[in-house]
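Here are the chains, one letter per residue:
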Amino acid sequence: MSRDKTQAPKVEAFADHHIITPPNSLRRAIRRVVDRELDDPVARAEQALAGLSGEFKTWMRSECDRLAEAHEAVVRDGFTAQTRDELFRAAHDIKGDASTFGFPTAGAAAESLCRIIEHAPDLDLVPAELIRHHIDAIQAIVREHNTIEKAGVATALSHKLRNVADEYLMHVNKDRPDHLEAIAAPSLVPAD
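Worth saying up front: this structure is predicted, and the values here are computed from it rather than measured. (Residues numbered from 1 in each chain as written. Predicted model: local features only at pLDDT ≥ 70, side-chain atom pairs only at ≥ 80, totals over all residues. Heavy atoms only, no water.)

Before going further, it helps to examine the packing of helix H2 (residues 81-98) against helix H3 (residues 104-119). Contact geometry of H2 with H3 gives a least axis separation of 7 Å together with a crossing angle of 150°. The angle between H2 and H3 falls in the class roughly antiparallel. As for how H2 packs across H3, the hand of that crossing is left-handed. Contact residues: Arg84, Leu87, Phe88, Ala91, His92, Ile94, Lys95 and Ala98 in H2; Pro104, Ala106, Gly107, Ala110, Glu111, Leu113, Cys114, Ile117 and Glu118 in H3. (Axes fitted to C-alpha atoms, helices over the stretch in contact; angles between N-to-C directions. Helix = DSSP H or I, 4+ residues; strand = E, 2+ residues; numbered from the N terminus. Parallel < 35°, antiparallel > 145°, perpendicular 65-115°, else oblique. Left-handed = near helix turned anticlockwise from the far one by under 90°. Contact = heavy atoms within 4.5 Å.)

Laid out in structure tokens, this is it:
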């Protein structure tokens, strides 16, 4: 883009200073459009999401299957660097996708599981039931999502899991103040 050298900056001189105002070359770059030509990217994105919404439950079920497979590997092989990472990634992906896909309480339960994996000093000492309950809850929330009565149960379940996980983490990290601060962080669990 070449500069128009014919436009010089406007200079106002005062006794103790000068004000230099450069030419406004952006006015030439603006194109006026009539209202019917306006593009609303948010509306387009919402329309695209609505078109995909029929796939959300299938995608969430796939993520739940991946989480279950990762947990089966932990049960079979114990916590290794690979099994820990895969379990964490599967839970973290659910945490990230759940709200977008319309499963916020599944995301809250997945967040709680991520916190356990992240902040437990020794994953081999974490009660197996605590991890299993998180995985079962996530799967149940996704499976029973369309039942309206279950919505209150899903929220209560996510709250309970988070409370139990936090209690456990507070206990096992009592000598690790850097982790206690992270454990006390606000929750993604939806309010009642």
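Let us now look at the environment of Val74. The topology assignment puts Val74 in helix H1 (residues 41-77). A C-alpha to C-alpha distance of 10.0 Å links Val74 and Ala128, two positions 54 residues apart in sequence.

Our focus in this paragraph is the packing of aromatic side chains. Geometrically, a pair of aromatic rings is defined through the distance of the ring centres and the angle of the planes. The full count for this structure, using the stated rule, is 1 aromatic pair. Ring geometry for Trp59 against Phe101: centres 5.4 Å apart, planes inclined by 50°, an arrangement best described as tilted. Of the two residues, Trp59 sits in helix H1 while Phe101 sits in the loop between H2 and H3, which places them 42 residues apart along the sequence. Its relative accessible area of 33% is what places Trp59 among the partly exposed residues. (Phe/Tyr/Trp six-rings, centres within 6.5 Å; stacked < 30°, edge-to-face > 60°. Buried < 20%, exposed > 50% of the residue type's maximum accessible area, 1.4 Å probe, protein only.)

Time to look at the pattern of salt bridges. Taken as a whole, this structure holds 12 salt bridges when the rule is applied. One salt bridge connects Glu12 with Lys10, and the closest N-O pair in it is separated by 3.9 Å. On the basis of relative accessibility, which here comes to 30%, the residue Glu12 falls in the partly exposed class. Residue class for Lys10 comes out exposed when judged on its relative accessible area of 52%. The closest approach of N and O atoms between Arg143 and Glu144, which form a salt bridge, is 3.4 Å. What makes Arg143 partly exposed here is its relative accessible area of 48%. Linked by salt bridges that have partners in common, Glu63, Arg66, Glu86, Arg89 and Asp93 make up one network. (Salt bridge = Lys/Arg side-chain N within 4 Å of Asp/Glu carboxyl O.)

As for its position among the elements, Arg115 is in helix H3. A residue is classified by how much of its surface remains accessible, and Arg115, at 6% relative accessible area, is buried. Note: C-alpha distance between Arg115 and Arg162 (47 residues apart in sequence) is 9.1 Å.

Glancing now at the pairing of strand S2 (residues 18-21). Here strand S1 (residues 10-13) runs beside S2; their pairing, made up of 4 bridges, is antiparallel. Its bridge partner being in S2, Lys10 is matched across the sheet by Thr21. Remark: 4 residues form the turn of the hairpin made by S1 and S2, two consecutive strands paired antiparallel. (Pairing = 2+ DSSP bridges.)

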